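The primary structure of each chain is shown beneath.
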Amino acid sequence: MTYLLSKENFAKIGEFIYRKSGIYLEEDKHYEKLAKYIDSRADELNMDSFRKYFFKLRFDDKEGDEFQALMNAITVNETYFFREKDQFEVLVNKILPELHESMPINRPLRILSSPCSTGEEPYSMILHIVEEGKVVEQRDIEVVGIDIDSTVIKKAQIAKYSERAVHAIPKPILNRWFVKKSLGYSLSEDLQGTVDFHVANIFDKTQMRKLGKFDVIFSRNMLIYFDDASRKEVAMTFYDMLNPGGYVLLGHAEYMSRIVSVFNAKKIDNTLIYQK
Ligand SMILES: C[S@@+](CC[C@H](N)C(=O)[O-])C[C@H]1O[C@@H](n2cnc3c(N)ncnc32)[C@H](O)[C@@H]1O
């Protein structure tokens, strides 16, 4: 099979994607998927060469729609409710009570899920917060979710989930907060709108700054797609976005200490957390 994208041009567009999104594509793993996407996109645009497509992507994409479509095609959005569940328990039982005591009472505690994919992660935070109850009765908690992929953000806003997405939620919690539909589950109306979702690229400083400051940042299962230089840049972005004393939590396969030394690593109940 021959594609418009040659192996040589894979390196060029790979470098462009890496520079703009931090996502590092490897030829042996990702060539086929990207080449197929470019063939179908070039076809839709009536273009007969990679050169024309790449020109449009770089120089004729003022609204960013072409880049957005490319991101939507290449990101890996795997997620489910209560994934790496211990971290949600540490959040509600340890981190939020501690921050509630130490942070000024006249402002909300703010939590960022970056990236949030289709919303399972930030809604898992909300489910833990409402089930635990203590802190949320005493002060406002705001949860914000961001992702570079606009299709997953649209799905998160609709909050309809498959059996697979909810499989790890204990039955009593599922029954309390979801409505069973003919296909899958819908988040109950009481919880819809409790997460503020945005399309944002973690490497876009302007977009990230607009989100404001946070007390807790969950960034799970994204850094694995980056190299160390990008991980370092993201770690420093989180550092700038955190209030003093705030925390970062990463996925189980991810780490921070090897790449930056600005955070204090702490272990709570076997969960590694990083404090500013
Ligand atoms: C595997 S999902 C992880 C979702 C969730 N945090 C979890 O652990 O279940 C990774 C997400 O990272 C997003 N992503 C990749 N690069 C990004 C970037 N530069 N800025 C924001 N989101 C990004 C992808 O679109 C994808 O939805």
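Only a predicted model underlies this, so the values are computations on that prediction, with no experimental measurement involved.

Asks: Can you walk me through the sheet that holds strand S2 (residues 141-147) in this structure?
Replies: Each strand in a sheet pairs with its neighbour through backbone hydrogen bonds, running either in the same direction (parallel) or in the opposite one (antiparallel). One open sheet holds the 7 strands; their spatial order is S6-S2-S1-S7-S8-S10-S9, and the pairing between them is mixed. A strand with exactly one partner marks an edge of an open sheet, and here the two such strands are strand S6 (195-199) and strand S9 (264-268). Within the sheet, the average angular offset between the axes of one strand and its neighbour, ignoring direction, is 25°. The sheet contact formed by S2 and S6 spans 5 bridges and is parallel. Bridging across to S6, Asp147 finds its partner in Val199. Contacts between helix H6 (residues 120-132) and the sheet are confined to strand S1 (109-113), S2, S6 and strand S7 (214-219), with S1 contributing the most and set at about 145° to the helix.

Asks: Sorry if this is basic, but what is going on with the site of the ligand here?
Replies: Surveying the vicinity of the ligand reveals 22 residues, the closest of which are Thr79, Pro115, Glu121, Asp147 and Asn221. Between the ligand and Asn77 there is a distance of 2.8 Å, counted from an oxygen atom to a side-chain nitrogen or oxygen. In the environment of the ligand, a nitrogen atom lies 2.8 Å from a nitrogen or oxygen atom belonging to the side chain of Glu121. Protein coverage of the free-state accessible area of the ligand, which is 600 Å², stands at 99%. Residues that form the shell around the ligand fall into these classes: 9 nonpolar, 7 polar and 6 charged.

Asks: Which parts of the structure should I look at to understand the packing of helix H3 (residues 50-59) against helix H4 (residues 65-74)?
Replies: Each pair of packed helices can be summarised by the angle the axes make with each other and by the distance between the axes. As a packed pair, H3 and H4 sit with axes 7 Å apart at the nearest point and diverge in direction by 110°. Viewed along their axes, H3 and H4 adopt a mutual orientation that is roughly perpendicular. On H4, the residues that touch Tyr53, Lys56 and Leu57 of H3 are Glu66, Phe67 and Leu70.

Asks: Please clarify how the layout of surface pockets should be interpreted in this entry.
Replies: Approximately 630 Å³ is the volume attributed to the largest pocket. Thr75, Val76, Asn221, Met222 and Tyr225 are, among the 33 residues lining the largest pocket, the residues nearest its centre. Elements with a minimum of two residues in the lining of the largest pocket: helix H2 (27-44) and S2. Per-element accounting of the lining of the largest pocket gives the leading share, 4 residues, to H2. Tallied by class, the residues present in the lining of the largest pocket amount to 16 nonpolar, 9 polar and 8 charged. If you count residues domain by domain, the lining of the largest pocket takes at least three from each of domain 1 (7-74) and domain 2 (86-275). Lining the second largest pocket we find 13 residues, and of these Phe67, Gln68, Asn201, Asp204 and Gln207 sit closest to its centre. Of the residues forming the lining of the second largest pocket, the biggest block, 4 residues, is contributed by H4. The class makeup of the residues in the lining of the second largest pocket is 5 nonpolar, 4 polar and 4 charged. Taken domain by domain, the lining of the second largest pocket gets at least three of its residues from each of domain 1 (7-74) and domain 2 (86-275).

About the thresholds
- Residues numbered from 1 in each chain as written.
- Predicted model: local features only at pLDDT ≥ 70, side-chain atom pairs only at ≥ 80, totals over all residues.
- Heavy atoms only, no water.
- Pairing = 2+ DSSP bridges.
- Helix = DSSP H or I, 4+ residues; strand = E, 2+ residues; numbered from the N terminus.
- Axes fitted to C-alpha atoms, helices over the stretch in contact; angles between N-to-C directions.
- Contact = heavy atoms within 4.5 Å.
- Near = heavy atom within 4 Å.
- Polar contact = N/O pair within 3.5 Å; in protein donor to acceptor, adjacent residues only side chain to side chain.
- Areas by Shrake-Rupley, 256 points an atom, 1.4 Å probe, with all protein chains shown as cover.
- Nonpolar A, V, L, I, M, F, W, Y, C, P; charged D, E, K, R; others polar.
- Parallel < 35°, antiparallel > 145°, perpendicular 65-115°, else oblique.
- 1 Å grid on protein atoms, 1.4 Å probe; cavity = no way out; pocket = protein on both sides within 12 Å on 5 of 7 lines; lining within 4 Å.
- Points joined across faces, edges and corners; volume = space filled by probe spheres on them.
- Domains from an automatic or database assignment.

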